[in-house]
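Below are the chains, spelled out letter by letter.
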Amino acid sequence: MNNDFSILAQFLENLGPEVSGHSSNPLSEGQAELIQKFAQGTLTAAEREGLLPEILGNETALHELVSKLQAES
């Protein structure tokens, strides 16, 4: 499973400038907690599916996810 997250982290890092047009709203404590759980692999499939659009639409969330995934690997 860690390999899957490593691949995802590499993919998200390569998005770089392409996501700059997305919002960069600060994360709430709840969002940050969900991203941490996502990186740890403890969310259910339904929770991940619900969180992904939020992450992909917020540059801050993307960077947070990459950071957490790198810390987990």
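Bear in mind that the values here come from a model prediction, so they are computed numbers and not experimental data.

Asks: Can you help me understand the overall build of the protein chain in this one?
Replies: Within the protein chain, the secondary structure is distributed over four helices and zero strands. Overall, the protein chain shows an N-to-C arrangement of helices and strands of α-α-α-α. Evaluated residue by residue, the protein chain yields a buried proportion of 23% over its 73 residues. Contacts spanning at least 24 positions in sequence make up 75% of the contacts within the protein chain whose residues lie at least 6 apart. Only carbon and sulfur atoms are counted for the fraction: they give 51% of the accessible area of the protein chain, which is about 4600 Å².

Asks: How should I be thinking about the nonpolar core in this particular structure?
Replies: For soluble globular proteins, the rule of thumb is that nonpolar side chains tend to be buried together. Judged by nonpolar contacts, Ile 35, Phe 38, Ala 39, Leu 43, Leu 51, Ile 55, Ala 61, Leu 62, Leu 65 and Leu 69 together constitute the single largest core of 10 residues. For this core, the secondary-structure elements that each account for two or more residues are helix 2 (29–40), helix 3 (45–56) and helix 4 (59–72). For this core, the element with the most residues is helix 4, which contributes four residues.

Calculation rules
Residues numbered from 1 in each chain as written. Predicted model: local features only at pLDDT ≥ 70, side-chain atom pairs only at ≥ 80, totals over all residues. Heavy atoms only, no water. Helix = DSSP H or I, 4+ residues; strand = E, 2+ residues; numbered from the N terminus. Buried < 20%, exposed > 50% of the residue type's maximum accessible area, 1.4 Å probe, protein only. Contact = heavy atoms within 4.5 Å. Areas by Shrake-Rupley, 256 points an atom, 1.4 Å probe, with all protein chains shown as cover. Core = buried A, V, L, I, M, F, W, Y, C linked by side-chain atoms within 4.5 Å.

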